[in-house]
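Residues per chain, in single letters:
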Amino acid sequence: MCVCQTMEVGKYGKNATRSGDRGVLLEPFIHQVGGHSSMMRYDDHTVCKPLITREQRFYESLPPEMKEFTPEYKGVVSVCFEGDSDGYINLVAYPYVENEALEQDDMPERDQPRRKHSRRSLHRSSSGTEHKEEKPGLASDSTESSIQESKSPRVDLHIHSDVPFQMLDGNSGLSSEKISYNPWSLRCHKQQLSRMRSESKDRKLYKFLLLENVVHHFKLPCVLDLKMGTRQHGDDASEEKAARQMKKCEQSTSATLGVRVCGMQVYQLDTGHYLCRNKYYGRGLSIEGFRNALYQYLHNGIELRKDLFEPVLAKLRSLKAVLERQASYRFYSSSLLIIYDGKDSRAGMFVERRPEARLKRVDGSVPESLQDGGGTEPGSSAQPKVDVRMIDFAHSTFKGFRDDPTVHDGPDMGYVFGLESLINIMEQMREENQ
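The following refers to the structure shown. (Residues numbered from 1 in each chain as written. Predicted model: local features only at pLDDT ≥ 70, side-chain atom pairs only at ≥ 80, totals over all residues. Heavy atoms only, no water.)

**Some thoughts on the environment of Arg41**
Structurally, Arg41 is set in strand β3 (residues 40-43). Separated by 14 residues in sequence, Arg41 and Glu27 have C-alpha atoms that sit 5.2 Å apart. A distance of 2.6 Å separates a polar atom in the side chain of Arg41 from a polar atom in the side chain of Asp44. (Helix = DSSP H or I, 4+ residues; strand = E, 2+ residues; numbered from the N terminus. Polar contact = N/O pair within 3.5 Å; in protein donor to acceptor, adjacent residues only side chain to side chain.)

This is how it looks when you write it as structure tokens:
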């Protein structure tokens, strides 16, 4: 059993915030742009999330050629839910000991808090000030979020971004609040703590997965979270859940493109801020709206990052080739992260032009005087570093996996279709902006 120890915040080592002799104080992962579960920072190179057995086993069974496109799986830790004398709630990770901790799917379903989404998920939402863009049809999401917010425990955050985040509302205007973490991150974190607090009488320890922090190598990570595929429900989903997921797909670009936006953050050189979008924005996009969202993700506030087209396309084509060879695999409800660095070799030149760049039109377009003058000169810098990673495998399956009764033939063509759509749109965008 875990013995909760006194927090010694401020006396951490190089990578991890230490609690007592062995424990690591977990912090919200400030660059989480989407997802149901709260992602936590374990150390500079590692994040963790509530363990789902199916996802853990999937990571352990990954084909070697897929590992380039997934976070490295680093093992399991036991996590304690702890409160201090000031009323603040903390999550502290300790070395995992067999049979002490429970994973999230160990609890009988009747004992788990009822949630709108899947058993393994934690309802995803943005902070209270960022609900302007929610659609009327999402009232139940909003109501649940408001209830969760009113019950949220006090959270004392020690890890912050030096760069402010701003959530875009439905009219593409900036919210008045500027915060030091992506809005999704704190929201998911508070809901995770609320849920764990409600179960604290029955459960003292939790199992969390340790995974590679895939944005660690980026100074100003620009992250696009895409829900991939034309189908989102797993083979074991109830009829009710399957119907809900199919409706979401039918009403979004999941049906027409095989991909939809789940969240993003993109660094703006003209303001020095991250701009953020959430899942509600992504669900309501048309095909043209999806194109515009991708354009916005590749735009740094001054110019379109044309230098990103080739490296991103190369990664997407390579991933497509790998997945086309994975017979019987299905990646239902998984996401794809596209990542690049908002800080590149041209940043100094752009910063000098910030005052002029602030003259951007109300509709978000850039004055013509800025559109062409800041491009990259041939050979002026090395090819930018980008990354493409698949995440979230709690509903994935393949032939022979965990004795799953449903066996699928051939590759996951819904996922491949989404990659093809993404590749085609980026190729068209590259041609239009040469």
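Back to the text.
**What to know about the sheet that holds strand β11 (residues 273-277)**
Strand order across the open sheet formed by six strands is β7-β11-β10-β9-β13-β14, with mixed pairing between neighbours. Edge positions in the sheet fall to β7 (165-167) and β14 (386-391), since each of these pairs with one other strand and no more. Strand-to-strand, the axes of this sheet are offset by a mean angle of 20 degrees, without reference to chain direction. Examined bridge by bridge, strand β9 (residues 221-228) and strand β13 (residues 335-341) share seven bridges and lie antiparallel to one another. Looking at the pairing, Val223 lines up with Ile339 of β13. This element, helix α12 (residues 413-432), spans β9, β10 (259-268), β13 and β14 of the sheet and lies at about 30 degrees to β13. (Pairing = 2+ DSSP bridges. Axes fitted to C-alpha atoms, helices over the stretch in contact; angles between N-to-C directions. Contact = heavy atoms within 4.5 Å.)

**Examining the nonpolar core**
One finds Tyr297, Leu298, Leu316 and Leu336 to be the most contacted residues of the largest nonpolar core, which totals 78 residues. In this structure Leu336 touches Leu224, Asp225, Leu226, Met228, Leu316, Leu319, Val388, Arg389, Met390, Tyr415, Leu419 and Leu422, once residues within four positions along its chain are discounted. By size, the runner-up hydrophobic cluster in this structure holds 16 residues, among which are Cys48, Tyr206, Phe208 and Leu210. (Core = buried A, V, L, I, M, F, W, Y, C linked by side-chain atoms within 4.5 Å. Buried < 20%, exposed > 50% of the residue type's maximum accessible area, 1.4 Å probe, protein only.)

**Brief notes about unusual backbone geometry**
Although it is not a glycine, Ser333 sits at a positive phi angle of roughly 65 degrees. Looking at where Ser333 falls in the secondary structure, it is placed in the loop between β12 (330-331) and β13. Taking the relative accessible area as the measure of exposure, Ser333 reaches 10% and is therefore buried. Even without a glycine there, the phi angle at Asp392 is positive, about 65 degrees. Position of Asp392 relative to the elements: it lies in the loop between β14 and β15 (396-397). Asp392 gets classed as buried once you look at its relative accessible area, which sits at 12%.

**So, helix α7 (residues 287-297)**
Within α7, burial applies to Gly289, Phe290, Ala293, Leu294 and Tyr297. The buried side chains of α7 occupy one side of the element, clustering within an arc of 140 degrees when seen end-on. As for α7, its buried residues are in contact with β9, α5 (253-256), β10, α6 (279-283), β13 and α12. (Arc of directions from axis to C-beta.)

**Examining the packing of aromatic side chains**
Each aromatic ring pair is characterised by the separation of its centres together with the angle its planes make. This model, assessed by the stated rule, comprises 15 aromatic pairs. Look at Phe58 and Phe331: their rings are 6.1 Å apart centre to centre, the planes differ by 90 degrees, and that puts the pair in the edge-to-face class. Here Phe58 is found in helix α1 (residues 53-60), whereas its partner Phe331 is found in strand β12, with 273 residues between them in sequence. With respect to class, Phe58 is no different from Phe331; both count as buried. With 4.6 Å between their ring centres and 20 degrees between their planes, Phe165 and Tyr274 make a pair best called stacked. Separated by 109 residues along the polypeptide, Phe165 in strand β7 and Tyr274 in strand β11 bring together distant segments of the chain. With a relative accessible area of 0%, Phe165 lands in the buried category. The ring of Tyr332 carries Arg231 above its face, with NZ or CZ at 4.0 Å from the centroid. (Phe/Tyr/Trp six-rings, centres within 6.5 Å; stacked < 30°, edge-to-face > 60°. Lys NZ or Arg CZ within 6 Å of the ring centre and 35° of its normal.)

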